[in-house]
Amino acid sequence: MKLSITPRRWLLSLHLLFVAILFGTMVVFLVLSITAAATQDETILKGAYTSMYVLATSSVRASAIGSVVTGVLLSVWTRWGLFRFYWIIFKEILTVASIGLAFIGMSVWTIQTFSIASAEGLHALDSPVFITNRLQLFIGIILQIGSLGAMIVVSVFKPWGRRNQELKH
């Protein structure tokens, strides 16, 4: 089944909306993470990690699922296909890594840093577990922003050609 132009544009718009929400949320995570690392104010520390926790359990999950579902539908219902082009395969690999990072790493690290900061306040800054989680969370945020940015750039430029000319139907 191939979509006509209007439904395809609606699906693409929905896909871009989910991607924008996910990318924007990761930028907010970065700002909150830097704010939490730079503060000596317990309220700001707790507020930053509380905000990240709320975002991790809501918009990150919803936008990640939405972008994957709409991305797969766009591939299947348009001429691009799931495995016809190297740039799509590259995006699929980054998507799997990004989803794994978001649902496993980011979620766990956010919950742990939130729990420690909520329970210990500024004393969390003395906890090796908190410091390790905070660093892992920060690295995860950078990796997420990098992978999402790479997927956006690859989607615009569409480098690398068809995987196999015989796949043309």
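Note that the structure is predicted; figures quoted are calculated from it, not measured.

A.B. asks: An account of the overall build of the chain is requested, with residue identities and associated values reported.
C.D. replies: For the chain, the helix and strand inventory stands at 5 helices and 0 strands. Counting helices and strands in the order they occur from the N terminus, the chain gives α-α-α-α-α. In terms of overall dimensions, the chain has C-alpha extents of about 65 × 30 × 20 Å along its principal axes. Looking at the chain as a whole, 37% of its 169 residues are labelled buried. Counted over contacts in the chain with a minimum sequence separation of 6, partners at least 24 positions apart contribute 77%. Approximately 9400 Å² of the chain is accessible, and the part contributed by carbon and sulfur atoms is 72%. When the 13 basic and 6 acidic side-chain charges of the chain are each reduced to a single mean position, those positions are 26 Å apart.

A.B. asks: So, the environment of H15: which residues are in play, and what are the values?
C.D. replies: The residue H15 is located in helix α1 (residues 5-38) in this model. Along the backbone, H15 and L74 are 59 residues apart, and their C-alpha atoms lie at a distance of 8.5 Å. With residues near it in sequence (within four places) discarded, H15 still touches S67, T70, G71 and L74. At 2.8 Å, the side chain of H15 forms a polar contact with the side chain of T70.

A.B. asks: Summarise the nonpolar core; cite the residues concerned and give the values.
C.D. replies: In this structure, M26, F29, Y49, M106, F130 and L137 are the most contacted members of the largest nonpolar core, which totals 27 residues. Here this core gets 8 residues from one element, more than from any other, and that element is helix α4 (residues 86-120). Among all residues touching F130, those that are not within four sequence positions of it are L45, Y49, T113, I116, A117, A124 and L125.

A.B. asks: Explain the packing of aromatic side chains to me, using residue names and the numbers behind them.
C.D. replies: For the structure shown, the criterion picks out 5 aromatic pairs. Judged by centre distance (5.6 Å) and plane angle (85 degrees), the ring pair of Y49 and F130 falls under edge-to-face. Taken together, the positions of Y49 in helix α2 (residues 42-56) and F130 in helix α5 (residues 128-157) put the pair 81 residues apart, joining distant regions of the chain. Pair check on accessibility: Y49 and F130 agree, each one buried. An angle of 10 degrees between the planes, with centres 4.4 Å apart, marks the rings of Y53 and F114 as stacked. One end of the pair, Y53, is in helix α2; the other, F114, is in helix α4, with 61 residues separating them in the sequence. Accessibility expressed as a relative area gives 28% for Y53, which makes it partly exposed.

Criteria and thresholds
Residues numbered from 1 in each chain as written. Predicted model: local features only at pLDDT ≥ 70, side-chain atom pairs only at ≥ 80, totals over all residues. Heavy atoms only, no water. Helix = DSSP H or I, 4+ residues; strand = E, 2+ residues; numbered from the N terminus. Buried < 20%, exposed > 50% of the residue type's maximum accessible area, 1.4 Å probe, protein only. Contact = heavy atoms within 4.5 Å. Areas by Shrake-Rupley, 256 points an atom, 1.4 Å probe, with all protein chains shown as cover. Lys, Arg positive; Asp, Glu negative; His and termini not counted. Charge placed at Lys NZ, Arg CZ, Asp CG, Glu CD. Polar contact = N/O pair within 3.5 Å; in protein donor to acceptor, adjacent residues only side chain to side chain. Core = buried A, V, L, I, M, F, W, Y, C linked by side-chain atoms within 4.5 Å. Phe/Tyr/Trp six-rings, centres within 6.5 Å; stacked < 30°, edge-to-face > 60°.

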